[in-house]
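Overview (structure and organization)
Next come the chains, spelled out residue by residue.
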Amino acid sequence: MPDWFNVAITGAIAFVLGIIGTVLTGKRDKRSAESTLIDQLQEELAGYRKTTNARLDKLEAENAGYRRFVFALIDHGDANGIDRLPWPNELPR
């Protein structure tokens, strides 16, 4: 075979392998980018959950305090002969 043919075949094989390598690297990078995005979103979601749980704990504590105060007022009114206001229908007892 002529030398130019060997050079051409070698060049063609190198070209094809380069394209295959680029495609495979692109897929790997895409998967890596997707994994990075998923990790970032999971961290962001964990932050939102932590913040939401803290707010919920605070609101539940405040609610318990208000309920104790309301029932203390009811007991005080009963002890001193003060008529109760009607309980609102939309509020649980």
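You'll find the structure just up there.
First, a word on scope: everything that follows refers to the structure included in this document. Computed from a predicted structure; not experimentally measured. Throughout, residues of each chain are indexed from 1 in the direction in which the sequence is written. Note on the predicted model: pLDDT of at least 70 is required for a residue's local features to be given, and 80 or more for side-chain atom pairs to be given and counted; whole-chain, interface and lining totals, by contrast, use all residues. Only hydrogens and water are set aside when side-chain values are computed; all heavy atoms of the structure are taken into account.

**Here's the deal with the overall build of the protein**
- The secondary structure listing takes helices from DSSP runs of H or I that are at least 4 residues long and strands from runs of E that are at least 2 residues long, numbered from the N terminus. From N to C terminus, the protein includes one helix and zero strands.
- Taken over C-alpha atoms, the radius of gyration is set against a globule rule of 2.2 Å times the number of residues to the power 0.38. The C-alpha atoms of the protein give 36 Å as radius of gyration, which overshoots the globular expectation for 93 residues (12 Å, by more than 25%).
- Note on areas: Shrake-Rupley, 1.4 Å probe, and residue coverage restricted to the protein chains presented here. Put simply, the protein shows about 8600 Å² of open surface, and 63% of that area lies on carbon and sulfur atoms.
- Charge assignment: positive for Lys and Arg, negative for Asp and Glu; neither His nor the chain ends contribute. Where a charge sits is defined by one atom per residue type, namely NZ (Lys), CZ (Arg), CG (Asp) or CD (Glu). Within the protein, the 13 negative side-chain charges are centred at a point lying 2 Å from the centre of the 12 positive side-chain charges.

**Describing the pattern of salt bridges**
- A pairing counts as a salt bridge when a side-chain nitrogen of Lys or Arg comes within 4 Å of a carboxyl oxygen of Asp or Glu. Applying the stated criterion to the full structure yields two salt bridges.
- For the salt bridge of Lys 58 with Glu 62, the shortest nitrogen-to-oxygen distance reads 4.0 Å. On the criterion of helical spacing, the pair formed by Lys 58 and Glu 62 is a turn pair, its members being four residues apart in helix 1 (residues 3-79).
- A residue is classified by how much of its surface remains accessible, and Glu 62, at 35% relative accessible area, is partly exposed. Here the term buried applies to any residue with accessible area under 20% of the maximum for its type, exposed to any over 50%, and partly exposed to those in between, with areas from a 1.4 Å probe on protein chains only.

**Quick notes on the environment of Ala 79**
- Its place among the elements puts Ala 79 in helix 1.
- Sequence separation of Ala 79 and Trp 4 is 75 residues, and the distance between their C-alpha atoms is 111 Å.

**Description of a nonpolar patch on the surface**
- Residues enter patches when their relative accessible area tops 30% and they take part in no salt bridge; the joining distance is 9 Å for like charges and 5 Å for the nonpolar side chains Val, Leu, Ile, Met, Phe, Trp and Tyr. Residues Trp 4, Phe 5, Ile 9, Ile 13, Phe 15, Val 16, Leu 17, Ile 19, Ile 20 and Val 23 make up a contiguous nonpolar surface patch of about 980 Å² in total accessible area.
- With respect to the secondary-structure elements, Phe 15 resides in helix 1.
- A relative accessible area of 56% places Phe 15 in the exposed class.

**Considering the packing of aromatic side chains**
- Between 30 and 60 degrees the pair is tilted, below 30 it is stacked and above 60 it is edge-to-face, where a pair is any two Phe, Tyr or Trp rings, Trp via its six-membered ring, whose centres lie within 6.5 Å. Under the definition given, this model contains one aromatic pair.
- Geometrically, the ring pair formed by Phe 71 and Trp 87 is stacked, given 5.8 Å between the ring centres and 15° between the ring planes. On the criterion of sequence distance, the pair formed by Phe 71 in helix 1 and Trp 87 in the segment after helix 1 is long-range, its members being 16 residues apart.
- The exposure class assigned to Phe 71 is partly exposed, which follows from its relative accessible area of 33%.

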